[in-house]
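Descriptive analysis of the structure
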Amino acid sequence: MERGNWVAMRTYGPAAGLLLLAALVLSMLSSWPQNTLLAGLQSVVGWVPVCLVAASLGLMGMATYRLIQWERGAGHDCPNCGGPLGQERAGRARMGGAYRRCYACGSNVNHRHYE
């Protein structure tokens, strides 16, 4: 697979996963039998696909913003391959602390290399 395809897959993969989960929950809700005892639960669970789609759109927006910043040269890039870095994650203090994962090569980059 080409490098650009890996970057897109790693960037938008979580958002696509949430969209698939929303579709699965929606299909399960549509086949759920009508029951007077479960009527209150159905109205609450009906909001789950909406929340999943909203979270997916938020993830897609953040990923797109991060990629645009990287293309402009304002975002963080990997010291190994020059690819865009993902969001900062909390790391263990004995391992060097916070880090970001590269979308292109998949390596973990310590905060000292991108600050």
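The structure under discussion appears in the preceding block.
Right, let's walk through the structure included here. Remember, predicted model here, so these are calculated numbers, not experimental data.

1. Some points on the side chain of Ser-56
Among the structural elements, Ser-56 can be located in helix H3 (residues 48-72). Residues contacting Ser-56, with those up to four places away along its chain left out, are Ala-15, Leu-18 and Leu-19.

2. Quick look at the environment of Val-53
Relative to the elements of secondary structure, Val-53 occurs in helix H3. For Val-53, a relative accessible area of 33% translates into the label partly exposed. Placed 33 residues apart in sequence, Val-53 and Leu-20 show a C-alpha to C-alpha distance of 9.4 Å. What Val-53 contacts, discounting residues up to four positions off in sequence, is Leu-19 and Ala-22.

3. Some remarks on the layout of surface pockets
Taken as a whole, the largest pocket holds about 270 Å³ of empty space. Forming the boundary of the largest pocket are 15 residues, of which Arg-10, Thr-11, Pro-14, Arg-89 and Tyr-103 lie nearest the centre. Mapped by element, the contributors of at least two residues to the lining of the largest pocket are helix H1 (3-30) and H3. Of the residues belonging to the lining of the largest pocket, the class tally is seven nonpolar, four polar and four charged.

Parameters at a glance
- Residues numbered from 1 in each chain as written.
- Predicted model: local features only at pLDDT ≥ 70, side-chain atom pairs only at ≥ 80, totals over all residues.
- Heavy atoms only, no water.
- Helix = DSSP H or I, 4+ residues; strand = E, 2+ residues; numbered from the N terminus.
- Contact = heavy atoms within 4.5 Å.
- Buried < 20%, exposed > 50% of the residue type's maximum accessible area, 1.4 Å probe, protein only.
- 1 Å grid on protein atoms, 1.4 Å probe; cavity = no way out; pocket = protein on both sides within 12 Å on 5 of 7 lines; lining within 4 Å.
- Points joined across faces, edges and corners; volume = space filled by probe spheres on them.
- Nonpolar A, V, L, I, M, F, W, Y, C, P; charged D, E, K, R; others polar.

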